[in-house]
Amino acid sequence: MIHTLYYVYDPMCAWCYAFAPTFEEIKSKLSSNIKIVHVPGGLAPHSNKPMPDEMREKIETIWYDIEQRVGTKFNHEFWISCTPRRSTYLSCQATLAAKKQKKEEEMISAIQQAYYQRAMNPSDESTMIKLAEELNLDIEQFKNDLYSEETITLFNEKLNLRRKLGLNSFPSLAIKYKKEIYPINIKYNEPDYILKQIKNLTENVYF
């Protein structure tokens, strides 16, 4: 029996970036009968407005908090060299555009590295195109897919799926069996804790 593991994330979510190494280890140890479905949850819609100072300070404070609590390192140069915007939908669409070329997970990682390590602005189209080039994607196809009706429709379906699953925090994990959703409690830097929950659910709940 195939089980579905939903992973709700946003490429511009700092906590998702902090969770990335743990999730990579989880994926490497999952049973072959568990299918992962990535759900870009969309933290903030398209906007050309610069981020208010109060929000900038709040988000950078979150970065420092994550560094202390999880150990993840951030390049705080971003707040000096970029004009941040509270706009994450484009990066979500970029992951779906990359998915059409079978590089969804690579694009998620590339966006996180660009944002948190390279001080590049992931709200900018130019950043998404540069990352697509670095991933050796077909650039013309990527540009078309980034804003295509098919991508927008799929992204809206993902947003609706997240709401239907009742997963409103980023990151979130849940196992689905038939019509039942079983949320997974996340602990950063503790992949075995999460794997144990998944194993208990897939081996004990369903049979």
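What you are looking at is a predicted structure, and each value in this text was computed from that prediction instead of being measured.

Calculation notes
Residues numbered from 1 in each chain as written. Predicted model: local features only at pLDDT ≥ 70, side-chain atom pairs only at ≥ 80, totals over all residues. Heavy atoms only, no water. 1 Å grid on protein atoms, 1.4 Å probe; cavity = no way out; pocket = protein on both sides within 12 Å on 5 of 7 lines; lining within 4 Å. Points joined across faces, edges and corners; volume = space filled by probe spheres on them. Helix = DSSP H or I, 4+ residues; strand = E, 2+ residues; numbered from the N terminus. Nonpolar A, V, L, I, M, F, W, Y, C, P; charged D, E, K, R; others polar. Phe/Tyr/Trp six-rings, centres within 6.5 Å; stacked < 30°, edge-to-face > 60°. Buried < 20%, exposed > 50% of the residue type's maximum accessible area, 1.4 Å probe, protein only. Expected span 1.5 Å × (residues − 1). Arc of directions from axis to C-beta. Contact = heavy atoms within 4.5 Å. Core = buried A, V, L, I, M, F, W, Y, C linked by side-chain atoms within 4.5 Å.

We now examine the layout of surface pockets. One number sums up the size of the largest pocket: a volume of about 330 Å³. In terms of lining, the largest pocket is formed by 17 residues, of which the most central are Met-12, Leu-43, Ile-59, Ile-62 and Arg-86. Looking at the lining of the largest pocket, the elements with two or more residues in it are helix H1 (14–29), helix H2 (53–69) and helix H5 (104–116). No other element matches the five residues that H2 contributes to the lining of the largest pocket. Tallied by class, residues from the lining of the largest pocket come to 13 nonpolar, one polar and three charged. Roughly 240 Å³ of volume is contained in the second largest pocket. Around the second largest pocket sit 14 residues that line it, and Ala-20, Glu-24, Ile-108, Ser-109 and Gln-112 are the ones nearest its centre. For the lining of the second largest pocket, the elements supplying multiple residues, two or more each, are H1 and H5.

This part covers the packing of aromatic side chains. Inspection of the entire model under this criterion finds 18 aromatic pairs. Between Tyr-17 and Phe-74 the ring centres are 5.6 Å apart and the planes differ by 65 degrees, which places this aromatic pair in the edge-to-face class. With Tyr-17 in helix H1 and Phe-74 in the loop between H2 and helix H3 (78–81), the pair connects residues that are 57 residues apart, well separated along the chain. Both residues of the pair, Tyr-17 and Phe-74, belong to the buried class.

So, on to helix H8 (residues 149–165). Helix length check: H8, at 17 residues, gives a terminal C-alpha distance of 24 Å against a target of 24 Å (1.5 Å per residue), a fit within 8%. Within H8, burial applies to Thr-151, Phe-155, Lys-158, Leu-159, Arg-162 and Leu-165. An end-on view of H8 places all buried positions within 135 degrees of arc, on one side of the element. Residues Glu-149, Glu-150 and Lys-164 are exposed on H8 and point more than 90 degrees away from its buried face. Contact partners of the buried residues in H8: strand E1 (3–9), strand E2 (34–40), helix H4 (89–99), helix H7 (139–147) and strand E4 (180–184). Phi turns positive one or two residues past the end of H8, at Gly-166, with a value near 75 degrees.

Bringing the nonpolar core into the picture now. Considering soluble globular proteins, one finds that nonpolar side chains tend to be buried as a cluster. One finds Phe-19, Ile-26, Trp-63, Leu-173, Ile-194 and Ile-198 to be the most contacted residues of the largest nonpolar core, which totals 44 residues. Those elements that provide at least two residues to this core are E1, H1, E2, H2, H3, H5, strand E3 (172–177) and helix H9 (191–205). Looking at this core, the element that brings in the most residues is H1, giving eight residues. Beyond its immediate sequence surroundings of up to four residues, Ile-198 is in contact with Leu-5, Ile-26, Leu-30, Ile-34, Ile-175 and Ile-184. Ala-97, Ala-132, Leu-135 and Ile-139 belong to the second largest nonpolar core, which has 18 residues in total.

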